[in-house]
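Commentary on secondary and tertiary structure
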Amino acid sequence: MADRDWYDDSDYQDAVQRAERATRFGWAAIAGTTGVLGCMLIAVAMICAVAVLSCLYVVAAMDHA
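Structure report, in brief. Not measured: the values here are computed from a predicted model. By convention here, each chain's residues receive numbers from 1 onward along its written sequence. Whole-chain, interface and lining totals are the exception, using all residues; otherwise, since this is a predicted model, local features are given only for residues with pLDDT of at least 70 and side-chain atom pairs are given and counted only at 80 or more. Side-chain metrics in this entry use all non-hydrogen atoms of the structure; hydrogen atoms and water are not considered.

For helices the rule is a DSSP run of H or I covering at least 4 residues; for strands it is a run of E covering at least 2, with both sets numbered from the N terminus onward. Counting its secondary structure elements, the protein chain contains one helix and zero strands. Residue burial is assigned from relative accessible area. The probe radius is 1.4 Å, only protein chains are included, and a residue is buried under 20% of its type maximum, exposed over 50%, and partly exposed in between. Evaluated residue by residue, the protein chain yields a buried proportion of 0% over its 65 residues. Here the Shrake-Rupley method, with its probe set to 1.4 Å, supplies the accessible areas, and only the displayed protein chains count as covering residues. Surface exposure of the protein chain reaches about 6100 Å², of which carbon and sulfur atoms provide 71%.

As a further point, take a nonpolar patch on the surface. On the surface, a cluster of nonpolar side chains totalling about 300 Å² of accessible area is made up of V36, L37 and M40. Checked against the element boundaries, L37 lands in helix α1 (residues 10-64). Each patch is built from residues lacking any salt bridge and having more than 30% relative accessible area; the joining distance is 9 Å for like charges and 5 Å for nonpolar side chains (Val, Leu, Ile, Met, Phe, Trp, Tyr). What makes a salt bridge here is a side-chain nitrogen of Lys or Arg within 4 Å of a carboxyl oxygen of Asp or Glu, nothing more.

Right, dumping it as structure tokens:
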């Protein structure tokens, strides 16, 4: 005979809680990675804009010399 009651669903509840924690961790990891990649993309765009503006300044300065 089983030691547990017929309606004991504690194993199920434990599994559900573990799955919810894993899901929260997964979404937090996805959000963090997306945020870091977004910041990196903005930084690269700014560096490229500064490089283009610097090149334009050099070309304009050479033209007036």
